[in-house]
Amino acid sequence: MSTPQSVAAPRPTRRRLTRPEPVSVNGVVIPSAAISRETQHHQASNPDQAWMLAARALAIRELLSQEVERLSIVAEPLDDGEGRRETPQEARLRALIEREVAVPSADEGACRRYYDANSRRFHSPDLFEAAHILFVAAPDDPDARDKAREAATALIAELVQDPVGFAAAAALHSACPSSKQGGNLGQVSTGQTVPEFEAALRSMVPGDVHPEPVESRYGLHVVRLDRRVDGEVLPFDLVRDRIADYLDEAVRRRAQQQYVSVLAGRAQVTGVDLAAARGPLVQ
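These lines cover the structure that appears in this document, whether it is placed above or below. What you are looking at is a predicted structure, and each value in this text was computed from that prediction instead of being measured.

Criteria and cut-off values
- Residues numbered from 1 in each chain as written.
- Predicted model: local features only at pLDDT ≥ 70, side-chain atom pairs only at ≥ 80, totals over all residues.
- Heavy atoms only, no water.
- Pairing = 2+ DSSP bridges.
- Helix = DSSP H or I, 4+ residues; strand = E, 2+ residues; numbered from the N terminus.
- Buried < 20%, exposed > 50% of the residue type's maximum accessible area, 1.4 Å probe, protein only.
- Lys, Arg positive; Asp, Glu negative; His and termini not counted.
- Salt bridge = Lys/Arg side-chain N within 4 Å of Asp/Glu carboxyl O.
- Polar contact = N/O pair within 3.5 Å; in protein donor to acceptor, adjacent residues only side chain to side chain.
- Contact = heavy atoms within 4.5 Å.
- Axes fitted to C-alpha atoms, helices over the stretch in contact; angles between N-to-C directions.

1. Let's talk about the sheet that holds strand E2 (residues 28-29)
Ordered by their spatial adjacency, 3 strands build an open sheet running E2-E1-E7, and the pairing between neighbours is antiparallel. What marks the edges here is a single partner per strand, and that holds for E2 and strand E7 (269-270). Two strands pair when backbone bridges link them, and strand E1 (residues 24-25) and E7 are joined in this way by 2 bridges, in the antiparallel orientation. Its bridge partner being in E7, serine 24 is matched across the sheet by threonine 270.

Structural data, given as structure tokens:
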């Protein structure tokens, strides 16, 4: 029995696959294989982003290479002093940027203004003298974590009553090699310990044992702070050159990006948005 036309199943329509537009600069196509090889030099959160970063980098290089030819740029390859030498094309690209992109150096006033606005960035690290007792427990083992927390909590209660027993307790209980030195870690500075441990040290008064076990990826820590030396703001003269280098690099990158934008505006570029490109033009 035939199906009435009004209720007949609709015929599936074929979806046309859209091919991505090829990446090209003034008619010169950047091969997909070259872009795929380039992705290894670009950190990204996913493969698509890495491919796009690689495509931009190669498109910019092609854009600059065409400008090198147009201006008949010549240059002698340089050595970096460590045995690495530019290729002839790298030398020509560098010479193009040096010739076409004017980058003013940061003067004393600019450096001073940046220092005054960002003095907290120029700070010697805080120093801590601390000791700990480590109860090892893997992050993905809740039973081990609970047992470690229970043992560490009980030990903290004992040490509150008998602070001088810390070294003996470390030798008996701690899974850290520092147990052989009574749990002493010596002098540690900002960034040298896991964030949870450093946060605990910052909240403590020298001579105290932290009132609760400090949890980290290694397990549970019983922590004692022996001494703390707060860092100080570094004087301007000590960081002036560092600030100048930072400001010069920031200006250089912006000037290079503007230069690429100008070249891209005069060129026919497909498959990639050069306006979104970032980073140095000459590696």
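2. Some details on the side chain of glutamate 38
Structurally, the position occupied by glutamate 38 is in helix H1 (residues 32-38). Among buried charged residues, glutamate 38 stands out as having no salt bridge; its nearest opposite-charge side chain is arginine 61, 7.6 Å away. Polar side-chain contacts of glutamate 38 include one of 2.8 Å to the side chain of histidine 42. In this structure glutamate 38 touches Ala54, Ala57 and Leu58, once residues within four positions along its chain are discounted.

3. Some words on the sheet that holds strand E6 (residues 219-229)
Here 4 strands make up an open sheet; going across it, the order is E4-E3-E6-E5 and the pairing antiparallel. For this open sheet the edge positions go to strand E4 (184-189) and strand E5 (214-216), each flanked by a neighbour on one side alone. When strand polarity is set aside, the average angle formed by the axes of neighbouring strands in this sheet is 45°. The sheet contacts of helix H6 (residues 166-173) involve strand E3 (127-136) and E6, and relative to E3 the element is tilted by about 40°. Helix-sheet contacts for helix H7 (residues 195-202) involve E3, E4, E5 and E6, and the interaxial angle to E6 is about 45°.

4. As for the environment of serine 178
Summarising the element assignment, serine 178 is placed in the loop between H6 and E4. Serine 178 sits 93 residues away from arginine 85 along the chain, and the two C-alpha atoms are 47 Å apart. Other than its neighbours up to four places away in sequence, serine 178 contacts His132, Gly183, Asn184 and Leu185.

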